[in-house]
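# Reading the structure
Single-letter residue listing:
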Amino acid sequence: MEPTLQSGRLDSARLAQCSYRSVTLMIALYEDSKYVDICNEICSRFKELDVGSFELTYSIPEHPNCLLQSDMDVRMMWMCLEILNSSFVDISVKDRVNSNIEGAGQNHEESPHAGSNDVPIHTTPMSRTVESNSATGENEHLGNSTSHEDNAYLSQGWREYISHAGQKFEGGATEFRNKLCKYAIEMGFRFAYARNDKFRVIAECFKKKSDGCNWHIFGALCQANGFFYIRTLNNVHTCTSCIRGPKSKMMSSKVISSVIVDQIREKPTIKPADIVKDFKQKYGLDISYKIAWNGTKLAKSTVHGDESLSYRQLVWYRDTLMSTNPGSHCVLESDPRTSRFRRLFVCYGACIEGFQWCRPMLFIDATFLKSKYKGQLIGATGKDGNQGFFPFAFAIVDFESDENWSWFSENLAKVLTSGGRTITFVSDHNKGLIEAVSNIFPTSHHAFCLDNLKKNLFSIYPATYAKFFPERIVDLFMRCAYAPTEAAFEFDLKNLKNEGGAPIKTFLENLPKENWSYAYFKGNGYGEICNNVSESFTSWVSELWALPICQMVDGIGIKLMEIIAERNREAGDWSSVLCPEMERTLNETLIVGKNWNVTCSSASVFEVHAEGTVTVDLSNHFCSCHAWQRKGFPCAHALVAVQKNSGCIYDYVNNFFKSSYFRSSYATLISPIPDIENATHEGSDDRVILPPLSRKSPGPMAKKLKSVEKLPRAIKCGRCGAVGRHNKKTCTANI
């Protein structure tokens, strides 16, 4: 083949800078050069390449990735150089990624763009690609065994971030520096800034002093359009070989932030440990936890803005919420002396209206937030007719205190008194909340969550006790809680105290039976004596805990808007009298009593012969098994009695479980709130809210509030036998 370098014609040649990985070679181009000549010249200089195992692209101003695949492409490239009056062109040599393993042994397949003199594109074995070329000594240091692993790395595109002089970066010096770092990471070298400001950036190879490497790049800002351009670029390294390894000194939190910003936008709660794992799997890079943590923090700031500035947006958000959603109740308070945030209460008008059609019950719970300034999120959640949670109101307070519980209850009272209903509250056994509910809702009933009491009951017995003993005590305690009558309760309570001893007696001293026993509880709990509804709400919004406060409040509002609209559409398709979940429960309950015998005593009183004999009074919604009264939904005994009486079953089901009430619960929709960045505040309140002083959480971020009944464990002295706070070593009793 005739050589491509013709010394007698160099005066009319153009120079092509062919870059492959971190190496650049210069070849001469002529007006009659062919595509095959360029490929052969590249293969003769880069010994690890075969014809067809790579792709070529060239760059001209504004178009950095022009395809070079045929003689026609070569002629078009030559014409562009003449038009631009340029003597140089940058050609990028990229390894061809071959995903068709089975075709590795084929001779070739022709490119659809090829002309008569074009080079055939061979489908080479996977081992000849740069990612797993075991024939070269350089790749032996990479530790790569298969090509498909490296081909999956998302960082491969970083090789194209720096390509030629004249390259444009619309993001200014920030974008240029970011892409330069990524380029260095992927190409396996390190650089140092000789000059670095917003107007110009000069970087040189880190080995310039030690190895005399001449690699350097100079970029500057164009004052006319604000873009950043590469002015000069020497992309040839003369130092020791550049190897792309799993670790790089050029990796920084800013690079991490630019990579994960979209992940943070989709999943704000992603953990730094997950970022470390993702970088290893998707980019083949090892990063430290500290860099991942700082990068996550920067990305969150980029996506959601500065957390301290978010507090200043609360005044605008409150006013906008009230104007776009009439009937809503939103209260924002700050310290009058320091202007620091104290608390925020939010209850949408749609929730106030919808709660009128839900059971008169509210489940109260609080959890610690994970944002920079901590605080607590308090939620008041109801339950709709389809057994789903109904988000009613929420508040954010600076920290837990009796004053904040009282303030939250006062605002709840303002949105509940208009309904004129007696509300049943369910919560953990928390002193501040108990006092607030008692003072502000004197006629309401307050039930303590049994799940929380069970956990606290387990904690009063040390680990030295056999496992079966605390379980036995808890079982006796639950028998007391579900005892249907006062007599049954007192009987079970006696057994509990006898077996539990002094610890259980101390535990029950500060636990009024009216708040946890069905037999003495005066309110209507509808069978709900556990706080799992609040836990559902807490879990529902948990992905927002780490956001700045205004974005978190807006995020909760968006979730409320979506769930109300979704359930509104869902209920429109229902044709059953009861909500689907309750309709299913009704049918299952009917099957239970299908073989029972029923005896009529009067027009509304029946005797049902099941495993035992129970009495059902339909007119008073009473069953001697007490399940109907406890759950507010007909039990199996009641249903067979209704069928015996030839009555309509649905007449004996509470309206709160019917589809019509469910539709009314979600009939009022929430109006969206405009983007704060595109809005102007025109309200009368010109306060500047500052963030609260950050307080360290008393425990894990999402840990429940401590209950007041967790008293010090009683100790039985081994010397005198007395129960108290001493043991046999400190005993002073006279024996």
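The structure we're discussing is the one just above.
In this text, all values refer to a predicted model and were calculated from it rather than measured experimentally. Each residue is numbered by its place in its chain's sequence as written, counting from 1. Local features are withheld for residues below a pLDDT of 70 in this predicted model, meaning they are given only at 70 or higher, and side-chain atom pairs are given and counted only at 80 or more; totals for whole chains, interfaces and linings count all residues. Think of the side-chain values as coming from all heavy atoms in the structure, minus any hydrogens and water.

### Details of the pairing of strand β3 (residues 54-60)
Each residue is placed in one exposure class: buried if its accessible area under a 1.4 Å probe, protein chains only, is under 20% of its type's maximum, exposed if it is over 50%, and partly exposed if it falls in between. A run of H or I in DSSP counts as a helix once it spans at least four residues, and a run of E counts as a strand once it spans at least two, with each numbered from the N terminus. Summarising burial for β3: six of the seven residues are buried, a large majority. When DSSP locates at least two bridges between a pair of strands, those strands are taken to pair. In this sheet, strand β4 (residues 63-68) lies alongside β3 in antiparallel orientation, the contact comprising four bridges. Directly across from Y58, in β4, lies its bridge partner C66. With antiparallel pairing between neighbouring strands as the criterion, β3 and β4 make up a hairpin whose turn holds two residues, including E62 at a positive phi of roughly 75 degrees.

### Points about the sheet that holds strand β15 (residues 389-397)
Taking strand neighbours across the sheet as the criterion, the seven strands line up as β11-β12-β15-β14-β13-β16-β17 in an open arrangement whose pairing is mixed. The open sheet has two edge strands, β11 (329-334) and β17 (445-448), and neither has a second partner. Between one strand and the next, the sheet's axes are offset by a mean angle of 20 degrees, whatever the strand orientation. Two elements, strand β14 (residues 376-383) and β15, share eight bridges in a ladder whose sense is antiparallel. Within β15, the residue paired with T381 across the bridge is P391. For this analysis, residues touch if any pair of their heavy atoms sits within 4.5 Å. Note on definitions: angles span 0 to 180 degrees between N-to-C directions of axes, and those axes are lines fitted to C-alpha atoms, for helices only across the stretch in contact. On top of the sheet, helix α13 (residues 402-416) reaches β11, β12 (341-347), β13 (361-368), β14, β15 and β16 (424-427); it is set at about 25 degrees to β12, its chief contact.

### Brief notes about the pattern of salt bridges
A side-chain nitrogen of Lys or Arg and a carboxyl oxygen of Asp or Glu constitute a salt bridge if their distance falls within 4 Å. Taken as a whole and judged by the stated rule, the model has 20 salt bridges. In this structure, the salt-bridge partner of E170 is K168, at a minimum N-O distance of 3.5 Å. Residue E170 is classed as exposed on the basis of its relative accessible area of 53%. Taken together, the shared-partner salt bridges in this structure form one network comprising E333, R342, R343 and E403.

### Section: unusual backbone geometry
A positive phi angle, close to 50 degrees, is found at Y526, a residue other than glycine. Turning to its location among the elements, Y526 is positioned in the loop between α17 (486-509) and α18 (532-540). Of note in the backbone geometry, H626 takes a positive phi value of approximately 70 degrees without being a glycine. Position of H626 among the secondary structure elements: in the loop between β21 (622-623) and α21 (627-631).

### Concerning helix α11 (residues 314-324)
Listed in full, the buried residues belonging to α11 are L314, V315, W316, Y317, R318, T320 and L321. Against α10 (307-312), β11, β12 and α19 (549-571) lie the buried residues of α11.

### Focus on the sheet that holds strand β19 (residues 605-609)
The strand order across the open sheet built from four strands is β18-β19-β20-β21, with neighbouring strands paired in antiparallel fashion. Across the chains shown, the open sheet's two edge strands, defined by having one partner strand only, are β18 (597-600) and β21. Judged from the five bridges that link them, β19 and strand β20 (residues 613-617) form a sheet pairing that is antiparallel. Bridging from a neighbouring strand, H609 pairs with T613 of β20.

### A word on the nonpolar core
The nonpolar core is taken to be a set of buried Ala, Val, Leu, Ile, Met, Phe, Trp, Tyr and Cys residues, with the residues joined through side-chain atoms within 4.5 Å. In terms of nonpolar packing, the biggest core is built from 131 residues, with L362, I364, F392, L412, F477 and W516 touching the most fellow members. For this core, the element with the highest residue contribution is α19, accounting for nine residues. For L412, the contacting residues outside a window of four places in its chain are F345, L362, I364, A380, F392, A393, F425 and F441.

### So, the packing of helix α7 (residues 253-266) against helix α8 (residues 272-283)
Contact pair α7 / α8: the axes reach a minimum separation of 12 Å and the direction vectors enclose 100 degrees. In this view, α7 runs roughly perpendicular relative to α8, as classed from their interaxial angle. Contacts between α7 and α8 involve I256, V259, I260 and Q263 from the first element and I275, D278, F279 and Y283 from the second. Any angle that falls under 35 degrees is termed roughly parallel, while one over 145 is termed roughly antiparallel, one within 65 to 115 roughly perpendicular, and all others oblique.

### A few points about a negative patch on the surface
Together, E562, E566, E570 and D573 make up a region of like negative charge exposed at the surface. With respect to the helices and strands, the residue E566 is situated in helix α19. For E566, a relative accessible area of 46% puts it in the partly exposed group. For patch detection, residues must exceed 30% relative accessible area and be free of salt bridges, and they are connected within 9 Å for like charges or within 5 Å for nonpolar side chains (Val, Leu, Ile, Met, Phe, Trp, Tyr). Surface accessibility in these figures is a Shrake-Rupley result with a 1.4 Å probe; residues are shielded only by whichever protein chains are displayed. Neither His nor the chain ends contribute to the count of charged residues, in which Lys and Arg are positive and Asp and Glu negative. In plain terms, the charge of a residue is placed at NZ if it is Lys, CZ if Arg, CG if Asp and CD if Glu.

### Quick look at the pairing of β12
By the criterion of burial, β12 is predominantly enclosed, with six of the seven residues buried. In this sheet, β12 lies alongside β11 in antiparallel orientation, the contact comprising six bridges. Among the inter-strand pairings, V331 is bridged to a residue of β12, identified as F345. In terms of strand pairing, β12 meets β15 through four bridges, oriented antiparallel. Note that in β15 the partner of F345 across the bridge is A395.

### Comments concerning the environment of I287
Relative to the helices and strands, I287 resides in the loop between α8 and α9 (289-304). Sequence-wise, I287 and M251 are 36 residues apart; in three dimensions their C-alpha atoms are separated by 7.6 Å. Every residue in contact with I287, bar those within four places of it in the chain, is listed here: M251, I256, I275, V276, F279 and A292.

### What about the packing of aromatic side chains?
In this analysis, rings of Phe, Tyr and Trp, with Trp reduced to its six-membered ring, are considered paired at centre separations within 6.5 Å, and the interplanar angle assigns stacked below 30 degrees, edge-to-face beyond 60, and tilted for intermediate values. Evaluated as defined, the whole model comprises 30 aromatic pairs. Between F389 and W540 the ring centres are 5.3 Å apart and the planes differ by 65 degrees, which places this aromatic pair in the edge-to-face class. A residue pair is termed long-range when its members are at least 10 positions apart, and F389 in strand β15 and W540 in helix α18 qualify at 151 residues. Like W540, F389 is buried. An aromatic cluster is defined as three or more aromatic residues linked by ring pairs; in this entry it consists of Y183, F189, F191, Y193 and W215.

### Topic: the packing of helix α15 (residues 450-459) against helix α16 (residues 468-482)
Axis separation between α15 and α16 bottoms out at 10 Å; the angle between their running directions is 150 degrees. Classified by the angle their axes make, α15 and α16 are roughly antiparallel. Regarding α15 and α16, the two cross each other, and that crossing is right-handed. Contacts between α15 and α16 involve L450, L453, K454, L457 and F458 on the former and, on the latter, P470, E471, I473, V474, F477, M478, A481 and Y482. Helix crossings are classified by the rotation of the near helix relative to the far one: an anticlockwise turn of less than a right angle makes the crossing left-handed, while a clockwise turn makes it right-handed.

### Considering the side chain of S444
Here S444 shows up in the loop between α14 (431-440) and β17. Given a relative accessible area of 15%, S444 falls into the buried group. Reaching out from S444, the side chain makes a polar contact with the backbone oxygen of I423 at a distance of 3.1 Å. Those residues in contact with S444 that lie beyond four places of it in its chain are T422, I423 and F425. For this analysis, a polar contact is any N or O atom pair within 3.5 Å, provided that within protein one partner can donate a hydrogen and the other can accept it, and provided that sequence-adjacent residues contribute only side-chain to side-chain pairs.

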